[in-house]
Amino acid sequence: MVAYYGNYTLVVGRITMLFTTMMGGIVAGVGNLIAEGDKEKIQRVFGEMLFTHYVIAGIVVFAIYQGIQPFIYLWLGQEYLLSHPILILLLVNAFIMLSRGAVDTFNAACGNYHDTWSAWVEAGINISVTIFSCIQWGLAGVLIGKIASLVPIIVVWKPLFLYRTSFKRSIWHYWKTVALTWLGFAIAFGIASYSSRLLPFDPYHDFMQWTSYCVSLTAIFVLLYVITLFLFTQGAKDMTHRVINTMLKNNRIS
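Novice: In this structure, what is going on with unusual backbone geometry? I would like to understand it.
Specialist: Leaving glycine aside, a negative phi is the common case for residues, and trans is the common case for peptide bonds. Phi angles above zero are rare outside glycine, and Lys168 is one such case at about 50°. The residue Lys168 is located in the loop between α7 (139-167) and α8 (172-195) in this model.

Novice: How should the pattern of salt bridges be read in this particular structure?
Specialist: One side chain can pair with another of opposite charge once the charged atoms of both are near each other. The final tally for this structure, using the stated rule, is four salt bridges. As a salt-bridge pair, Arg242 and Glu48 come within 2.6 Å of each other at their nearest N and O atoms. Here Glu48 lies in helix α3 (residues 39-75) and Arg242 lies in helix α10 (residues 234-253), a separation of 194 residues in the sequence.

Novice: I would appreciate a short explanation of the packing of aromatic side chains in the present structure.
Specialist: Two aromatic rings are characterised by how far apart their centres lie and by the angle between their planes. In the structure shown here, the tally under the stated rule is 25 aromatic pairs. Here the aromatic cluster, defined as three or more aromatic residues joined through ring pairs, consists of Tyr54, Phe62, Tyr65, Phe95, Phe185, Phe189, Phe221 and Tyr225. Directly above the aromatic system of Phe230 lies the positively charged group of Lys237, at a separation of 5.5 Å from the ring centroid.

Novice: Looking at this model, I keep getting lost on helix α9 (residues 207-232). Mind explaining?
Specialist: Since one α-helical turn is 3.6 residues long, residues separated by three or four positions face the same way. Over its 26 residues, α9 extends 36 Å from the first C-alpha to the last, a length consistent with the 38 Å expected when each residue adds 1.5 Å. Within α9 the residues assigned to the buried category are Trp210, Tyr213, Cys214, Leu217, Thr218, Phe221, Tyr225, Thr228 and Leu229. The backbone nitrogen of Met208 lies 3.1 Å from a side-chain oxygen of the residue at the head of α9, namely Asp206.

Novice: Just checking my understanding: could you explain the nonpolar core for this structure?
Specialist: The tendency in soluble globular proteins is for nonpolar side chains to be buried side by side. If you look at the biggest cluster of nonpolar residues, it comprises 63 residues, and the most contacted ones within it are Phe46, Ile68, Phe106, Tyr174, Phe221 and Tyr225. Residue contacts for Tyr225: discarding those within four places in its chain leaves Tyr54, Val55, Gly58, Ile59, Thr181, Gly184, Phe185 and Ala188.

Novice: Explain empty space enclosed by the protein here, please?
Specialist: Over the atoms, a rolling probe the size of a water molecule traces out where space has been left empty. Applying the stated rule across the entire model yields one cavity of 30 Å³ or more. The computed volume of the largest cavity comes to approximately 60 Å³. For the largest cavity, the full set of lining residues is Gly47, Leu50, Phe51, Tyr54, Thr177, Thr181, Leu229, Thr233, Gly235 and Ala236. At the level of secondary structure, the elements contributing two or more residues to the lining of the largest cavity comprise α3, α8 and α10.

Novice: For this particular structure, what's the right way to read the side chain of Thr228?
Specialist: Structurally, the position occupied by Thr228 is in helix α9. Thr228 sits in the buried class, given a relative accessible area of 11%.

Novice: Would you take a moment to explain α8 for this structure?
Specialist: Compared with an ideal rise of 1.5 Å per residue, which puts 24 residues at 34 Å, α8 spans 35 Å between its outermost C-alpha atoms and is within 8% of the ideal. Buried within α8 are the following residues: Tyr174, Thr177, Val178, Thr181, Gly184, Phe185, Ala188, Phe189, Ala192, Ser193 and Ser195.

Novice: Would you take a moment to explain a nonpolar patch on the surface for this structure?
Specialist: A cluster of nonpolar residues, Leu223, Ile227, Phe230 and Leu231, forms a patch on the protein surface that exposes about 390 Å² of accessible area. Note on placement: Leu223 falls in helix α9. You can call Leu223 exposed: its relative accessible area is 55%.

Novice: Please clarify how the packing of helix α1 (residues 2-22) against helix α4 (residues 84-99) should be interpreted in this entry.
Specialist: Two measures define how a pair of helices packs: the angle their axes make with one another and the distance between the axes. The interhelical angle for the contact between α1 and α4, taken along N-to-C directions, is 15°, at an axis separation of 11 Å. Judged on the interaxial angle alone, α4 and α1 are roughly parallel. Crossing of α1 against α4: the hand is right-handed. Listed contacts from α4 to Tyr5, Tyr8, Thr9, Val12, Thr16, Phe19 and Thr20 of α1 are Leu87, Leu90, Ala94 and Leu98.

Here is what the cut-offs are and how they apply
- All residue numbers here refer to positions counted from 1 along the written sequence of the relevant chain.
- Per-residue local features of the predicted model are confined to residues with pLDDT of at least 70, and side-chain atom pairs are confined, for both listing and counting, to 80 or more; whole-chain, interface and lining totals are unaffected and use all residues.
- To get the side-chain values, all heavy atoms of the structure are used, and hydrogens and water are removed first.
- Only DSSP runs of H or I with at least four residues qualify as helices, and only runs of E with at least two residues qualify as strands; both kinds are numbered from the N terminus onward.
- Within this document, salt bridges are pairs made up of a side-chain nitrogen of Lys or Arg and a carboxyl oxygen of Asp or Glu, the two lying within 4 Å of each other.
- Each Phe, Tyr or Trp ring (for Trp, its six-membered ring) is paired with any other whose centre lies within 6.5 Å, and the angle between the two planes then decides the class: stacked below 30 degrees, edge-to-face above 60, tilted in between.
- As a reminder, the over-ring test applies to NZ of lysine and CZ of arginine, requiring each to be within 6 Å of the ring centre and within 35 degrees of the ring normal.
- In this scheme, a helix's expected span is set at 1.5 Å multiplied by one less than its residue total.
- Think of it in three bands: with a 1.4 Å probe and only protein chains considered, a residue is buried below 20% of the maximum accessible area for its type, exposed above 50%, and partly exposed in between.
- Pairs of N or O atoms are called polar contacts if they sit within 3.5 Å, as long as, within protein, a hydrogen donor faces a hydrogen acceptor (for residues adjacent in sequence, only side-chain-to-side-chain pairs).
- Note on terminology: a nonpolar core comprises buried Ala, Val, Leu, Ile, Met, Phe, Trp, Tyr and Cys residues joined through side-chain atoms within 4.5 Å.
- The criterion used for residue contact is that any of the two residues' heavy atoms lie within 4.5 Å.
- Space inside and on the surface of the protein is sampled on a 1 Å grid over the protein atoms alone, with a cavity defined as a set of points where a 1.4 Å probe fits but cannot get out and a pocket as an open set with protein on both sides within 12 Å along at least 5 of 7 lines; lining residues have an atom within 4 Å of a point.
- Grid points are joined across faces, edges and corners, and a volume is the space filled by probe spheres set on the points.
- Patch membership requires more than 30% relative accessible area and the absence of a salt bridge. Residues of like charge join within 9 Å; the nonpolar side chains Val, Leu, Ile, Met, Phe, Trp and Tyr join within 5 Å.
- Residue burial considers only the protein chains on display, and all accessible areas are found by Shrake-Rupley using a 1.4 Å probe.
- Each axis is a line fitted through C-alpha atoms, taken for helices only over the stretch in contact, and angles between the N-to-C directions span 0 to 180 degrees.
- Here is the rule for angles: anything less than 35 degrees is roughly parallel, anything more than 145 is roughly antiparallel, 65 through 115 is roughly perpendicular, and the remaining ranges are oblique.
- Should the near helix be turned anticlockwise from the far one by less than a right angle, the crossing is termed left-handed; should it be turned clockwise, right-handed.

Structural data, given as structure tokens:
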């Protein structure tokens, strides 16, 4: 079972590392932004980064959810497939790790390192829950323990810590934005997943059809996801305006 799980973590880990590395070089720029002290600009950029990280997290999780099972089937065979609940837990963990980037970046840029206790609490929750849940559910218990430690610290505490320490404003706006983002993800995920029944590709047949299936379905999801976030969140609107203005500026220069 551990060997089977390793095949999945190999794929998920490499994809997660790719996008984490791509977004990892912007802490210095955010530090300069914090030093300027323009609170409205800081909030706007934070909203744009939040949107960017959630878009990346949503796309990666959806693409893996739709594509990893047939990929493992074609690569190694049906006997190496993990159960659907374990796949869901693996992707919940991946979504949290990918979407946390905006809060982590701003905490780092603001020098918010004095909540050293949170790492110990996270580790304690992880170990204690994992030991109990592994006895009950085996491999799934490892993922349950990890998620149980991430939710209170990474999902709940770190944003609250940032808003209390550096932004010095109510966290209600953050949670409203995140809730609408989750809603947009759920809507896009549901519609795109239903659309998979209409595609003329069998991802379990061969790698050619697998590629066509994944590309087509992910494109549908991306379109729906971006549109719903644009309708629901201000960060999506600000990022869209930034991209359009940058493109227009580059065209005028050329």
